[in-house]
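Results of the structural survey
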Amino acid sequence: MLRGMVLQNFVHFEKRFVFDFSKTKNSPNIFVGASSTGKTAVLELIRRCMHSRLNSSLTNRAHSNERAYVFCEFYLDIDKYGPTVITGMIVDANTDNYSSTMQTNKEVKANPEVKTEDKEEKGRENKLDKMKEQGDEQGSTKKKDKEVDRDEEGTMFHKVIMYTLGEEIEFRSESYLEKRDGKIVNLEKDVDISEPFLAEIHGALHRDRGYIETKESQISKGITDLFDDDFVVKVLRKIGTQQIENKTNHVCQELWRIVEEQFVGILPTRGLGTIQWTKSKLIESENKAKNYEGTCVHAEIITELLDSDLIDKKKEQEIFSFLTNPSKIVFRKEAPNANRINLIQVKNGMNEFPLLKTSVGIIEAKQFSLIMAHRTLKTICLEEPDRGMHPQMIERMKEVLHHESRHKTIIVVTHSPYLIDSMSLENIFFFSRKYDVSFDVVNIYDKLESNKYLKIVKMEDLKAILFSSKVLFVEGRTDKSVLEAIFRHLIQRSSKTYEDILPILSHEICSIGGKELRENISEFCNKLNIKFCLVLDRDAIIETEESTKRIKKIQPSYSSYSRFEGGLVSDFLVDPYGFKALSTDLAKKENTFIWRDGDLEDFLLSSRENHSEILSIFKPDAKFTTAEDKEKYNKMKTTIKKSLKNGCFREKLDALADIITNFSETERLCSFLKDI
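Moving on, we get to the overall build of the chain. Looking only at helices and strands, the chain features 26 helices and 22 strands. Taken across its 676 residues, the chain has 47% of its residues classed as buried. Restricting the contact set of the chain to residue pairs at least 6 apart, pairs at least 24 apart contribute 69%. Element-wise, carbon and sulfur atoms account for 48% of the exposed surface of the chain, whose accessible area totals about 35,000 Å².

On to the packing of helix α17 (residues 477–493) against helix α18 (residues 498–505), then. Two measures define how a pair of helices packs: the angle their axes make with one another and the distance between the axes. Taken N-terminus to C-terminus, the directions of α17 and α18 make an angle of 160 degrees; their axes are 10 Å apart at the nearest point. One element, α17, and the other, α18, form an angle in the roughly antiparallel class. The chirality of how α17 crosses α18 is left-handed. Residues F487, L490 and I491 of α17 touch α18, and the partners they reach there are I501, I504 and L505. Across the contact of α17 with α18, the residue classes tally to six nonpolar, no polar and no charged.

Now for the packing of aromatic side chains. Two aromatic rings are characterised by how far apart their centres lie and by the angle between their planes. Tallied over the full model, the rule gives 27 aromatic pairs. Ring geometry for F13 and F439: centres 5.1 Å apart, planes at 70 degrees, overall edge-to-face. Residue F13 is located in the loop between β1 (2–8) and β2 (17–20), and its partner F439 is located in strand β16 (residues 438–443); the two are separated by 426 residues in the primary sequence. Given the relative accessible area of 0%, F13 is considered buried. Each ring, one from F171 and one from F231, has its centre 5.9 Å from the other, and the planes form 35 degrees; the classification is tilted. Here the residue F171 occupies a position in strand β7 (residues 168–179), and F231 occupies one in helix α7 (residues 229–241), the gap between them amounting to 60 residues. Taken together, F13, F17, F19, F21, F31, F429, F431 and F439 form an aromatic cluster joined through their ring pairs. Positioned above the aromatic ring of F320, the side-chain terminus of K366 is 4.5 Å from the ring centre.

What is meant by a disulfide is a covalent connection between two cysteines, made through their sulfur atoms. Scanning the model with the defined rule gives zero disulfides in all. Between C381, a free cysteine, and C72, which holds the nearest cysteine sulfur, the sulfur-to-sulfur gap is 8.6 Å.

Soluble, globular proteins show a tendency: their nonpolar side chains are buried together. Counting 80 residues, the largest nonpolar core has F331, F368, M372, L382, F473, F524 and L528 as its most contacted members. Ranked by residue count, the leading element in this core is helix α12 (residues 360–372), at seven residues. Contact partners of M372, with chain neighbours within four places excluded, come to K315, I319, I380, L382, V400, E404, K408 and I410.

In this structure, Y453 sits in helix α15 (residues 452–456). Once you skip the residues sitting within four places of it in the chain, Y453 turns out to touch D461, I465, F473, S511, I512, L517, N520, I521 and F524.

Between its first and last C-alpha, helix α8 (residues 250–261) extends 16 Å over 12 residues, near the 16 Å set by a 1.5 Å rise per residue. Restricting attention to buried positions, one finds in α8 the residues C252, L255, W256, I258, V259 and E260. On its buried side, α8 packs onto β4 (68–75), β5 (84–91), β6 (154–165), β7 and β9 (263–266).

Next up on the list: the packing of helix α23 (residues 611–618) against helix α24 (residues 630–646). Packing of α23 against α24 leaves a shortest axis separation of 9 Å and a crossing angle of 40 degrees. When the axis of α23 is compared with that of α24, the two are oblique. The crossing of α23 and α24 is left-handed. Where α23 abuts α24, its residues H611, I614, L615 and F618 lie against M636, I640, S643 and L644.

The mixed open sheet is built from six strands, whose spatial order is β9-β13-β14-β3-β15-β16. The sheet is open, and its two borders are formed by β9 and β16, each paired with just one other strand. Between one strand axis and the next, the sheet turns by 15 degrees as a mean value, whatever way the strands run. Here strand β15 (residues 428–434) pairs with β16 via six bridges, running antiparallel.

Here we take up the pattern of salt bridges. In a structure, side chains of opposite charge can pair up when their charged atoms sit close to one another. What the rule picks out here adds up to 28 salt bridges. D539 is the partner of K515 in a salt bridge, and the nearest nitrogen-oxygen pair spans 3.7 Å. With K515 in the loop between β18 (507–511) and α19 (518–527) and D539 in the loop between β19 (531–536) and β20 (542–545), the pair connects residues that are 24 residues apart, well separated along the chain. Judged by relative accessible area, D539 falls into the partly exposed class, the value being 41%. When salt bridges that share partners are traced, they join K315, E404 and K408 into one network.

Strand order in this open sheet of seven strands is β2-β1-β4-β5-β6-β7-β8, and the pairing throughout is antiparallel. On the outer flanks of this sheet lie β2 and β8 (184–192), each paired with one strand and no other. On average, each strand axis in the sheet is tilted by 15 degrees relative to the strand beside it, whichever way the strands run. In terms of strand pairing, β1 meets β2 through four bridges, oriented antiparallel. Bridge pairing in β2 places G4 opposite D20. Together, β1, β2, β4, β5 and β6 form the strand contacts of helix α1 (residues 39–48), whose direction differs from that of β1 by roughly 105 degrees.

Moving on to unusual backbone geometry. The step from N325 to P326 runs through a cis peptide bond, and the omega angle for that step is 10 degrees. Along the chain, P326 falls in the loop between α11 (313–324) and β10 (329–333). Non-glycine residue K549 carries a positive phi angle of around 60 degrees. Structurally, K549 is set in the loop between β20 and β21 (550–554). Residue class for K549 comes out partly exposed when judged on its relative accessible area of 47%.

Conventions we followed
Residues numbered from 1 in each chain as written. Predicted model: local features only at pLDDT ≥ 70, side-chain atom pairs only at ≥ 80, totals over all residues. Heavy atoms only, no water. Helix = DSSP H or I, 4+ residues; strand = E, 2+ residues; numbered from the N terminus. Buried < 20%, exposed > 50% of the residue type's maximum accessible area, 1.4 Å probe, protein only. Contact = heavy atoms within 4.5 Å. Areas by Shrake-Rupley, 256 points an atom, 1.4 Å probe, with all protein chains shown as cover. Axes fitted to C-alpha atoms, helices over the stretch in contact; angles between N-to-C directions. Parallel < 35°, antiparallel > 145°, perpendicular 65-115°, else oblique. Left-handed = near helix turned anticlockwise from the far one by under 90°. Nonpolar A, V, L, I, M, F, W, Y, C, P; charged D, E, K, R; others polar. Phe/Tyr/Trp six-rings, centres within 6.5 Å; stacked < 30°, edge-to-face > 60°. Lys NZ or Arg CZ within 6 Å of the ring centre and 35° of its normal. Disulfide = S-S within 2.5 Å. Core = buried A, V, L, I, M, F, W, Y, C linked by side-chain atoms within 4.5 Å. Expected span 1.5 Å × (residues − 1). Pairing = 2+ DSSP bridges. Salt bridge = Lys/Arg side-chain N within 4 Å of Asp/Glu carboxyl O.

Next comes the structure, spelled out in structure tokens:
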């Protein structure tokens, strides 16, 4: 089973990343993040660490002129070898043309003692007398030779494997070439890295750790501490200087086979049927049989594993029944038809129908149960296994994942909040784009364990944050309710275009539970590369004296505005170098918006001519008149705050939004969101 991996310079992963999949034994490893942030690429790189049989191409490098590497550490429960086996791939930095430095396999077998250049020279000497008569033909031959050379250009890479056998650590490599036409060529350059080289690893561990552990543990620590760019350079140097081994290493081949047998990667089905829409040309009845056959051929997991001895039938049925309860669904395989295709029939109660007519969620559940009940699989990578499933079924799938993770390494790529819970918090890997040019990935718990916000955030809010492109944080639940009503009104009742409302639609509104968590929120989002902004009460930045209406203190981080301390708030609000300038600084430096008039209730009461309308929404029998003094104003604020805190029906919030949408503060908020 996979315990960890390290990679560098693949796709947009420019820097070195380490994944630890061994921290907990009762939770799957969850990959979350926006689309096109590298989640699937990591699964692809795990497959690249299998033997070349499972790989027909190379993963692109972030920088094509620099070396790249990926190593995976597996735990194998076998007697003959040490339990830890590390497999990987190293891509050379500059290998546009390997023919000048390495002989092809064909040339080596023909005459190991004669270099390619020597053979070409001898051929030229034998043709000296005929060159004048065959000038054109010779020129054509040279041109053809150049074309052959170009065919031999490509990218050289090396598959490596490291393991223990008895008391010795073995490290071997196999060299390959991806030619420019995409074909993979085995160069049959197999190298045994010498024990003195491995001794350097032992010595480094001894110096860094201050003690010597077993060799199995040393390999395990090497994946995180020593398998870096310097290590890769040394390996490449050894590969370049070692002689080619002519004998087949049966130990390596056996270990590659065991690793592959215990690994599987599952991609989303993406639709089983040939008919995807009602306008399909294949929807006519004469294509019916062909469509049924195509669906069964495409459903390869079900077709291959439904009757396989590799499946624990009892366990599979328990998992599938648990997922689909209360339905009683049975899949059965018919005998091969005239086209030698096994048709799959599905029975639900008394009704039986072809696989093509089965819902995607049920098909995904069947595939999932077959994979989970497989007897030999220990490392399982699943991409969107919940596709098409009912939320209740996804919740049950999550429980199966937790249970099966006790003795398997399971990695799940998902865009579904339903698969996230507090039990999997330590195993959540968040993927993001950094500066729109490179990928970044962090383990949330490792990166933010000491962050106060992570300790108190509700799981529902955490899910919203992790699955949002942008997050708008407000202080409390009432703020969230009012802003949601405003945004809903702007989207549904305005004549704005999609482009105009995109800044609003892009933001998921979350409550932080108080302005004192502002710094924790900023740290949380910055470390995860989450785009965010904050909408706070004015006192988060400006502390005022209620009785005198004067500014008591401005946050020290904005000391340039300290000259306004002691002055009237009203003067600060109208001074062009006062509130307006501070608001601009807050937006640029901290992605923060503060209400001009104080808190949310002050914003709602900022237009005197609308006081009666707003109050009648929260308290229809209210007899308040226009506020002329402090006591009346505070009473109105209390009424609104209490009503919002107790909760409002959507109709009331929509009526409120209808009034305040055109307030100047609302327009300022929309401009703020558009510029962030």
